[in-house]
Amino acid sequence: MSIEHRLNHIAGQLSGHGDVLLHSLDAHTGETLPYAFHQATGDEVEAAAQAAEVAYPSYRSTRPDQRAAFLDAIASELDALGDDFIQDVMRETALPEARIRGERSRTSNQLRLFAEVVRRGDFYAARIDRALPQRTPLPRPDLRQYRIGVGPVAVFGASNFPLAFSTAGGDTASALAAGCPVVFKAHSGHMLTAAHVAAAIDRAVTGSGMPAGVFNMIYGAGVGEALVKHPAIQAVGFTGSLRGGRALCDMAAARPQPIPVFAEMSSINPVVVLPQALQARGEQVATELAASVVLGCGQFCTNPGLVVGIRSPHFEHFLQTLVARMADQGPQTMLNAGTLRSYQNAVQHLLAHPGIQHLAGQPQTGNQAQPQLFKADVSLLLNGDPLLQEEVFGPCTVVVEVADAQQLAEALRHLQGQLTATLIAEPDDLRTFASLVPLLERKAGRLLLNGYPTGVEVSDAMVHGGPYPATSDARGTSVGTLAIDRFLRPVCFQNYPDALLPDALKNANPLGIARLLEGVSSREAV
């Protein structure tokens with residue numbers, strides 16, 4: 001069998017100086033695919049970071065229309081990838097064709113959405129306070145503020161979204177939109193997929209006339225530390241485990257110049273089923289919830305991993321239905337063998353815990369994940385048992401029954417930070433349990449009502465973030481246009497002549513953007 005070698009992408013060139021070769025696997029069979037990927041050497045990590053640093057001054061100075069056209073070009077190149085690309089992604093990830101095609105559309109659409117953000121210009125957040133020379137007792141200087149990209153950004157690919165959270169995914173798209181070159185570290189679970197997408201981005205770089213180092217991609221285990229510690233890197237985007245994200249945060253904080261890490265890490269996404277809703281549609285809720293738990297083999301960071309309800313005959317009937325629905329769910333192939341091992345280990349920890357009862361699910365056999373349902377005593381939440389706070393990445397959920405409304409609120413107070421929190425409720429429930437909403441606001445980045453969290457719309461208003469350990473910085477989001485804020489910083493110009501000001505702050509407003517002029521939003525010239 002002939003082996004095709006894939007190299008690192010550095011400043012528009014392919015580089016493979018190292019002798020360490022990595023291999024991609026067929027997710028269904030575990031067999032090695034006929035590709036070898038050259039792990040980046042220390043010199044290649046250095047070259048990639050330096051290429052991004054060299055590209056930064058010219059790239060951040062591109063006009064909004066140029067940068068937007070570049071993002072559009074990446075989207076077009078991604079859409080143009082053929083059936084061989086789809087088949088390779090399926091082989092590496094075991095995800096079905098419809099899911100891959102849908103995720104590709106989401107990826108290209110979010111690139112186009114960020115192109116519109118750049119054209120709109122509100123990301124500059126331009127503010128102008130004109131000089132008041134006659135003000136007493138002291139005159140006010142001319143002050144003008146806008147935001148610039150922080151500099152080169154290191155992005156780590158996610159395992160569960162080989163397109164939307166990977167090479168050309170949300171972190172890369174938002175960093176490029178902000179004016180920041182990217183050094184992307186390919187995920188070991190889908191290196192061939194990353195190679196296809198990196199080549200598409202390279203074509204867009206060349207076709208759009210962007211500086212060569214605006215995008216770089218490296219392969220390898222252990223190269224992440226050198227990348228995060230490189231002085232050219234000014235921020236990090238990461239989606240993955242709590243352990244991995246925390247390690248990156250610690251590395252970045254220990255640098256001579258600490259930098260922010262925007263890590264999305266761990267969430268159990270509680271779903272609270274309230275009494276009137278269970279009385280009105282308990283069986284429907286159980287059916288919908290089971291479908292959400294097993295969707296995509298549970299390999300979503302928004303998978304509902306905890307279900308909480310108040311003890312009652314209606315809750316008991318709901319639970320019986322949920323047990324039956326979960327028992328009907330068949331096994332599914334996970335993204336890779338490592339993900340399956342982690343899932344099996346997590347299930348074993350739940351099975352071994354004396355305060356947790358197994359309600360549904362077949363024993364784990366073979367190379368597929370079996371859906372599982374557990375019930376835990378509420379005391380585990382109230383007493384801070386860490387097992388009940390840990391994300392189980394896979395088709396599994398845990399039910400907790402509370403005695404009354406007071407114990408429900410107390411149980412929710414003991415939860416750690418989450419990406420999402422859901423209320424399944426009728427209008428009477430919302431009146432009776434209105435106090436839960438401000439409680440959940442403190443716990444999660446997105447609050448859902450009568451929906452399920454395993455769907456994340458890419459839009460201006462979306463928040464995919466939350467308090468630690470859901471993310472390392474609850475002030476941001478990794479999905480939606482607000483994601484660009486993570487890679488921007490404000491700069492103020494005091495008493496600068498108009499000719500030296502950036503276009504976003506010039507008197508004539510050549511970009512035609514909305515600016516805060518003396519506290520009033522305006523597109524007018526000064």
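A quick note: this is a predicted structure, and the numbers were derived from the prediction, not measured.

Rules of the game
- Residues numbered from 1 in each chain as written.
- Predicted model: local features only at pLDDT ≥ 70, side-chain atom pairs only at ≥ 80, totals over all residues.
- Heavy atoms only, no water.
- Helix = DSSP H or I, 4+ residues; strand = E, 2+ residues; numbered from the N terminus.
- Rg over C-alpha atoms; globule rule 2.2 N^0.38 Å.
- Buried < 20%, exposed > 50% of the residue type's maximum accessible area, 1.4 Å probe, protein only.
- Contact = heavy atoms within 4.5 Å.
- Pairing = 2+ DSSP bridges.
- UniProt positions renumbered as here; feature names shortened; annotations may be inferred.
- Axes fitted to C-alpha atoms, helices over the stretch in contact; angles between N-to-C directions.
- Domains from an automatic or database assignment.
- Salt bridge = Lys/Arg side-chain N within 4 Å of Asp/Glu carboxyl O.
- Parallel < 35°, antiparallel > 145°, perpendicular 65-115°, else oblique.
- Left-handed = near helix turned anticlockwise from the far one by under 90°.
- Nonpolar A, V, L, I, M, F, W, Y, C, P; charged D, E, K, R; others polar.
- Polar contact = N/O pair within 3.5 Å; in protein donor to acceptor, adjacent residues only side chain to side chain.
- Right-handed = clockwise from strand over helix to strand, strands pointing away.

The helix and strand inventory of the chain stands at 15 helices and 24 strands. Over its C-alpha trace the chain gives a radius of gyration of 25 Å, about what one expects of a compact globule, namely 24 Å for 526 residues. Taken along the three principal axes of its C-alpha coordinates, the chain extends 75 × 75 × 40 Å. Relative to its 526 residues, the chain shows a buried fraction of 56%. Here the contacts in the chain between residues at least 6 apart in sequence split such that 75% fall between residues at least 24 apart.

Moving on to the pairing of strand S5 (residues 32-38). Across the seven residues that make up S5, a large majority, five, are buried. In this sheet, S5 lies alongside strand S4 (residues 21-25) in antiparallel orientation, the contact comprising four bridges. Residue pairing for S5: Leu25 is matched across the bridge by Thr32. In this structure, the hairpin formed by S4 and S5 is closed by a connection of six residues, where Gly30 is found at a positive phi of approximately 80 degrees.

A word on the UniProt feature "domain: Aldehyde dehydrogenase" (unreviewed entry) in the chain. UniProt records the feature "domain: Aldehyde dehydrogenase" (unreviewed entry) at residues 29-459, using the numbering of this structure. Along residues 29-459, the helical share is 45% and the strand share 19%, with 37 Å between the first and last C-alpha atoms.

Before going further, it helps to examine the sheet that holds S5. Strands sit in the order S1-S5-S4 across an open sheet of three strands; the sheet is mixed. Every other strand in the sheet has two partners, leaving strand S1 (4-6) and S4 as the edge strands with one partner each. Each strand of the sheet is rotated relative to its neighbour by a mean of 35 degrees, with strand direction disregarded. Across the face of the sheet, helix H3 (residues 83-93) comes into contact with S4 and S5 while running at roughly 95 degrees to S5.

Moving on, we get to the domain arrangement of the chain. The parts lose accessible area when they come together, and the size of an interface is often stated as this lost area. Under the domain assignment used here, the chain contains domain 1 (4-265 + 477-485) and domain 2 (270-449). Here the C-alpha centre of domain 2 lies 33 Å away from the C-alpha centre of domain 1. At the junction of the two partners, domain 1 supplies 13 residues and domain 2 supplies 11 residues. Here domain 1 and domain 2 share zero salt bridges between them.

Here seven strands make up an open sheet; going across it, the order is S16-S18-S19-S14-S13-S20-S21 and the pairing mixed. Each of the sheet's edge strands pairs with one partner strand only, and the pair in question is strand S16 (356-360) and strand S21 (444-449). Strand-to-strand twist across the sheet, computed as the mean angle between neighbouring axes with direction ignored, equals 25 degrees. With five bridges connecting them, strand S14 (residues 306-310) and strand S19 (residues 396-402) associate as parallel partners. By the bridge assignment, Val308 is partnered in S19 with Val400. Contacting strand S13 (270-273), S14, S19 and strand S20 (418-424), helix H9 (residues 275-294) crosses the sheet at an angle of about 155 degrees to S13. Against the sheet, helix H10 (residues 313-327) makes contact with S13, S14, S16, strand S18 (372-376) and S19, and its axis sits at roughly 170 degrees relative to S19, the strand it touches most.

The description of two packed helices rests on the angle between their axes and on the distance between the axes. Their axes nearest at 8 Å, the elements H3 and helix H6 (residues 191-208) cross at an angle of 150 degrees. Regarding the angle of H3 to H6, the classification is roughly antiparallel. For the element pair H3 and H6, the recorded crossing hand is left-handed. Along its contact with H3, which presents Asp84, Phe85, Asp88, Val89 and Glu92, the element H6 presents Met191, Leu192, Thr193, His196 and Val197. Looking at the contact of H3 with H6, its residues break down into five nonpolar, two polar and three charged.

Among the structural elements, His9 can be located in strand S2 (residues 8-10). Look at His9 and you get buried, because its relative accessible area is 7%. In terms of polar contacts, His9 uses its side chain to reach the side chain of Asp202, at 2.7 Å. With residues up to four places along the chain from it excluded, the contact list for His9 reads Leu14, Ala195, Ala198, Ala199, Asp202, Asn216 and Met217.

Moving on to the side chain of Thr302. Structurally, Thr302 is set in the loop between H9 and S14. With residues near it in sequence (within four places) discarded, Thr302 still touches Asn269, Leu419, Thr420, Arg446, Pro453, Thr454, Gly455, Val456 and His464.

Of all nine residues making up helix H5 (residues 170-178), nine are buried, and the element is well covered by its neighbours. The complete set of buried residues in H5 reads Gly170, Asp171, Thr172, Ala173, Ser174, Ala175, Leu176, Ala177 and Ala178. After H5 finishes, the residue Gly179 shows a positive phi value of roughly 95 degrees.

Before going further, it helps to spend a moment on the pairing of strand S10 (residues 215-218). The alternating pattern of S10 places Phe215 and Met217 on one face and Asn216 and Ile218 on the opposite face, and all of these are buried. In this view, the connection linking strand S9 (residues 182-185) to its parallel neighbour S10 by way of H6 has right-handed handedness.

Moving on to the pattern of salt bridges. Counted by the stated rule, this structure contains 26 salt bridges. Glu103 is paired through a salt bridge with Arg99; the nearest N and O atoms lie 3.1 Å apart. One end of the pair, Glu103, and the other, Arg99, are both in helix H4 (residues 97-120), four residues apart, so they sit about a helical turn from each other. For Arg99, a relative accessible area of 18% corresponds to the buried category. Ionic pairing is found between Asp473 and Arg475, a salt bridge with its closest N-O pair at 2.8 Å. For Arg475, a relative accessible area of 75% translates into the label exposed. What you see here is one network of salt bridges that share partners, running through Asp72, Glu116 and Arg119.

What follows deals with the environment of Phe238. In this structure, Phe238 sits in strand S11 (residues 235-239). In this structure Phe238 comes out as buried when scored by relative accessible area, which is 10%. Beyond its immediate stretch of four places on either side in the chain, Phe238 contacts Phe156, Asp171, Gly244, Gly245, Leu248, Phe262, Ala263 and Glu264.

Another point: the environment of Thr172. Relative to the assigned elements, Thr172 resides in helix H5. The spatial distance from the C-alpha of Thr172 to the C-alpha of Ala154 is 8.8 Å, given a sequence separation of 18 residues. For Thr172, the residues in contact, after removing those within four places along its chain, are Val155, Ser166, Thr167, Val182 and Phe184.

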